[in-house]
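Chain by chain, the residues run as shown.
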Amino acid sequence: MTNSSSTPHDEERPELNTGFPHTARVWNYWLGGKDNFPADREAGDQVRALIPEIVDSARADRAFLGRVVRYLVGEAGIRQFLDVGTGIPTANNTHEVAQAVAPECRIVYVDNDPIVLAHARALLSSSREGVTDYIDADARDTDKLLQAAAKTLDFSQPVALMLLGILNHIVDDDQAHGIVDRLLDAVPSGSYLVIGHPTKEVHGEAMAEAMRLWNERGGTPIIDRSRQELARFFDRLELLEPGVVSCSRWRPDPADPEPVEVSEFCGVGRKP
Amino acid sequence: MAEVQAGGGPTVRRMLVGAQLRRLRTEQGITREQAGEAIRASEWKIHRLENGQVGFKDRDIVDLLRFYGVDDPADVEALLAMARDANTPGWWHQYGDVLPQWFRAFVDLEAAATLIRTYEGQLVPGLLQTEDYTRAVMRGARLPEPAEDTERRIALRLMRQTLMTRPGAPHLWAVVDEGALRRPVGGRQVIRAQLDRLIEATELPNVTLQVLPLRAGAHPALVGAFSILRFPDQDLPDVVYVEHLTNALYLSKQEEVDQYLHVMESICVRSAAPDKTPEILGKILHEE
């Protein structure tokens, strides 16, 4: 395990700041979890007042995660995942879905929030055949992230890069593309990039207003991106069908072939 | 020996019935006062019913449901059955003589929980104690009671531990102060066996143990031990449990739970990561 030896030994350690909303905890709130605080619930309620469907969006994103991981392990033969922006553990986390199909899957979770990391380390445990590891790193620090991940993942073999709800925190386009490029450079042909990202495509002005309020409340700043902007992240890749779409509509279950569009869009690409 | 009941005994069943009554009432926009009038009782009585603090009379349930517009006989019967079930004693009934009133609800809640987060500053958490360690703790307490009562208390604690290995067992996420692990409860042999037991426990998929190092200095939980219990039904709030010598607090108001949750998160972040625990325990074993 990396990075966990730095147990703090001073009483001056900065107190956990739960006074500002945090995306992971707001999502936890929308998904019906109880690992959240008043600032998260207030921000969550404010967004939900503008976009009542936001809860469906959060659920659709989790369902998409399940479908895409099953596809990658079951059909594309992927056995390694680098999941950046872990979030607070809920049901059907990446390693659980992956290891249910192939128990030997190796998953590295990356987050920079102390509460998320504490929960992930405590509650996300690997199958005996596979491995899970947790890295305390900022997505912007790709060197540190890749170096730490290399202790668990074999970068000569294909890796699925899971960037769900993380690039929206990288407000600057050049910086966001830089991160994606450096991660893609580190993985071999046959690797995959999965992106999940909020957009104004569905709820337009309501989403713009929700994001403006969010940023005013002092949470880490976020940004929406359009379908075209999201497609650009896949320029170097073979974009899988059906392209960049509402995550509810990415290869939906046959029982529900045309689900309602939600404001979380996604795309999956394969590195040629 | 009986088994720890799945589903958690009367306390949790009462909380579930109460949570449903609250939902039905608020969906109709009815106040507690109005509901109280409908069953010739006070607002306070409704409050206590909805929080699962008292048992249910059939007549009260029938009248309330009628008032809330629930008239399908099958629905009424289902809730009535649950309410009657909630009035039956828990598995711990046979230990009633040594189980203080204020601790009974905890035993129920613990058995119904999906996640038990606990902080212990002085002792190894009860669910992970060896029999000898438990006996030493109880002898140390110098309770003015016959030896056979103490043995029954020990048997009860061992019974409680069976919930950790039954199907659908809860996840126990415990933070234990390093000081508690270094205190030679029961003498060297007993504490060494206890530390070995803890090392074994870290291998269980449903146990997470973090050690809060002495060198962390002052920390937000120094004031004392507490637990936060989470339940499978999302309607049920988390419950904070704080034990005192002669009584215990059960807190489920959002503001109170928020504060304890914040403290719990703070100490989890300050503690060594769970995968370091076997090494830390091994080191203490080596030094003692």
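Before any of the text, the structure's been laid out above.
Residues numbered from 1 in each chain as written. Chains lettered and ligands numbered in written order. Predicted model: local features only at pLDDT ≥ 70, side-chain atom pairs only at ≥ 80, totals over all residues. Heavy atoms only, no water.

### Description of the overall build of chain A
Logical step 1: A tally of helices and strands in chain A yields nine helices and eight strands.
Logical step 2: Its C-alpha atoms give chain A a radius of gyration of 18 Å, within 12% of the compact-globule value 19 Å for 272 residues.
Logical step 3: Summarising its shape, the C-alpha atoms of chain A cover approximately 55 × 45 × 35 Å along the three principal directions.
Logical step 4: A buried classification covers 56% of the 272 residues belonging to chain A.
Logical step 5: Partitioning the contacts of chain A with sequence separation of at least 6, the portion at a separation of at least 24 is 73%.
Logical step 6: Total accessible area on chain A is roughly 11200 Å²; 47% of this is exposed by carbon and sulfur atoms.
Logical step 7: In chain A, 28 positive and 43 negative side-chain charges are present, and the distance between their average locations comes to 3 Å. (Helix = DSSP H or I, 4+ residues; strand = E, 2+ residues; numbered from the N terminus. Rg over C-alpha atoms; globule rule 2.2 N^0.38 Å. Buried < 20%, exposed > 50% of the residue type's maximum accessible area, 1.4 Å probe, protein only. Contact = heavy atoms within 4.5 Å. Areas by Shrake-Rupley, 256 points an atom, 1.4 Å probe, with all protein chains shown as cover. Lys, Arg positive; Asp, Glu negative; His and termini not counted. Charge placed at Lys NZ, Arg CZ, Asp CG, Glu CD.)

### Quick look at the overall build of chain B
Logical step 1: Of the regular secondary structure elements, chain B holds 12 helices and six strands.
Logical step 2: For 288 residues, the compact-globule formula gives about 19 Å, and the C-alpha radius of gyration of chain B, at 21 Å, lands near that figure.
Logical step 3: C-alpha extents for chain B along the principal axes are approximately 65 × 40 × 35 Å.
Logical step 4: Of all 288 residues assigned to chain B, the portion counted as buried reaches 51%.
Logical step 5: The long-range share in chain B, meaning contacts at least 24 apart out of those at least 6 apart in sequence, stands at 75%.
Logical step 6: Carbon and sulfur atoms make up 52% of the accessible area of chain B, which amounts to about 13400 Å² in all.
Logical step 7: Positive and negative side-chain charges of chain B, numbering 34 and 41 respectively, have mean locations separated by a distance of 4 Å.

### Details of the packing of helix α1 (residues 23-30) of chain A against helix α2 (residues 38-50) of chain A
All names here are of chain A.
Logical step 1: Packing of α1 against α2 leaves a shortest axis separation of 9 Å and a crossing angle of 65 degrees. In terms of axis orientation, α1 runs roughly perpendicular to α2. Of the two elements, α1 crosses α2, and the hand of that crossing is right-handed. Across the interface between the two elements, R25, V26, Y29 and W30 from α1 touch D40, R41, G44, D45, V47 and R48 from α2.
Logical step 2: For the contact of α1 with α2, a count of residues per class yields four nonpolar, one polar and five charged. (Axes fitted to C-alpha atoms, helices over the stretch in contact; angles between N-to-C directions. Parallel < 35°, antiparallel > 145°, perpendicular 65-115°, else oblique. Left-handed = near helix turned anticlockwise from the far one by under 90°. Nonpolar A, V, L, I, M, F, W, Y, C, P; charged D, E, K, R; others polar.)

### Some words on the pattern of salt bridges
Residues and elements named next belong to chain B.
Logical step 1: For the structure shown, the criterion picks out 33 salt bridges over all chains.
Logical step 2: Notably, a salt bridge pairs D58 with R84, separated by 2.9 Å at the nearest N-O pair. With D58 in helix α4 (residues 58-67) and R84 in helix α5 (residues 73-86), this residue pair connects regions lying 26 residues apart in the sequence.
Logical step 3: Salt-bridge contacts for E178 lead to R182; the nearest nitrogen and oxygen are separated by 2.9 Å. Residue E178 and its partner R182 are located together in helix α9 (residues 178-182), separated by four residues, close to a single helical turn. (Salt bridge = Lys/Arg side-chain N within 4 Å of Asp/Glu carboxyl O.)

### Notes on the interface of chain B and chain A
Logical step 1: Residue-level contacts link 34 residues of chain B with 29 residues of chain A.
Logical step 2: For the chain B and chain A pair, buried surface summed over both sides reaches about 2500 Å², with 54% attributable to carbon and sulfur atoms.
Logical step 3: Between D258 of chain B and R41 of chain A there is a salt bridge; the shortest N-O distance is 2.5 Å.
Logical step 4: Taken together, chain B and chain A are joined by six residue pairs in polar contact (both at pLDDT 80 or more).
Logical step 5: With nine residues, helix α11 (residues 254-270) of chain B is the largest single contributor of residues to the side of chain B that touches chain A.
Logical step 6: Here the side of chain B that touches chain A is composed, by residue class, of 15 nonpolar, eight polar and 11 charged. (Buried area = accessible area lost by both parts, 1.4 Å probe. Polar contact = N/O pair within 3.5 Å; in protein donor to acceptor, adjacent residues only side chain to side chain.)

### Digging into the environment of L16 of chain A
Logical step 1: Within the secondary structure, L16 of chain A sits in the segment before α1.
Logical step 2: Sequence-distant contacts of L16 of chain A, defined by excluding residues within four places in its chain, comprise P114 and I115 of chain A together with H262, E265, S266 and V269 of chain B.

### Overview of the pairing of strand β2 (residues 171-177) of chain B
Residues and elements named next belong to chain B.
Logical step 1: Most of β2 sits inside the fold, with seven of its seven residues counted as buried.
Logical step 2: Residues H171, W173, V175 and D177 line one face of β2 and the alternating positions L172, A174 and V176 line the opposite face, and both faces are buried.
Logical step 3: Pairing of strand β1 (residues 115-120) with β2, which is carried by six bridges, proceeds in the parallel orientation. Looking at β2, one finds that L115 is bridged to H171. (Pairing = 2+ DSSP bridges.)

### Some remarks on the sheet that holds β1 of chain B
Logical step 1: The sheet built from six strands is open, its strands ordered β3-β2-β1-β4-β5-β6 (chain B) with mixed pairing. The open sheet terminates on both sides in strands that have one partner only, identified here as β3 (207-212) and β6 (248-251) of chain B. Direction aside, neighbouring strands of the sheet carry axes that sit 15 degrees apart on average.
Logical step 2: As paired elements, β1 of chain B and strand β4 (residues 226-230) of chain B share five bridges and run antiparallel to each other. Within β4 of chain B, the position partnered with T118 of chain B by the bridge is S227 of chain B.
Logical step 3: Where helix α5 (residues 114-123) of chain A meets the sheet, its contacts fall on β1, β2 and β3 of chain B, and the angle it forms with β2 of chain B comes to roughly 115 degrees.

### Quick word on unusual backbone geometry
Comment: phi is negative for the bulk of residues other than glycine, and the bulk of peptide bonds are trans.
All names here are of chain A.
Logical step 1: Residue P242 is bonded to the preceding E241 through a cis peptide linkage, with omega at 5 degrees.
Logical step 2: Inspection of the secondary structure puts P242 in the loop between β6 (238-239) and β7 (245-246).
Logical step 3: The phi dihedral of N92 falls on the positive side, at around 55 degrees, and the residue is not glycine.
Logical step 4: With respect to the secondary-structure elements, N92 resides in the loop between β1 (80-84) and α4 (94-101).

### What to know about the nonpolar core
Logical step 1: By size, the foremost hydrophobic cluster in this structure holds 46 residues, and its most contacted members are L181, L195, L198 and F231 of chain B.
Logical step 2: Contacts of L198 of chain B, omitting those with residues within four sequence positions, involve V124, L128, L181, L209 and L281 of chain B.
Logical step 3: Formed by 33 residues, the second largest nonpolar core is a distinct cluster that contains L146, F155, F233 and F265 of chain A. (Core = buried A, V, L, I, M, F, W, Y, C linked by side-chain atoms within 4.5 Å.)

### Section: the packing of helix α7 (residues 131-140) of chain B against helix α8 (residues 147-161) of chain B
The description of two packed helices rests on the angle between their axes and on the distance between the axes.
Residue and element names in this part refer to chain B.
Logical step 1: Where α7 meets α8, the closest approach of the two axes is 10 Å, and the angle between their N-to-C directions is 135 degrees. Judged by the angle between their axes, α7 and α8 are oblique. Handedness of the crossing formed by α7 with α8: right-handed. Here E131, T134, R135 and M138 of α7 come into contact with α8, specifically with T150, E151, R153, I154, R157 and L158.

### Describing α5 of chain A
All names here are of chain A.
Logical step 1: Most of α5 is tucked away, with eight of its 10 residues classed as buried.
Logical step 2: Taken together, the buried positions of α5 are I115, V116, L117, A118, H119, A120, R121 and A122.
Logical step 3: With a side-chain oxygen positioned 3.2 Å from the backbone nitrogen of I115, the residue opening α5 is D113.

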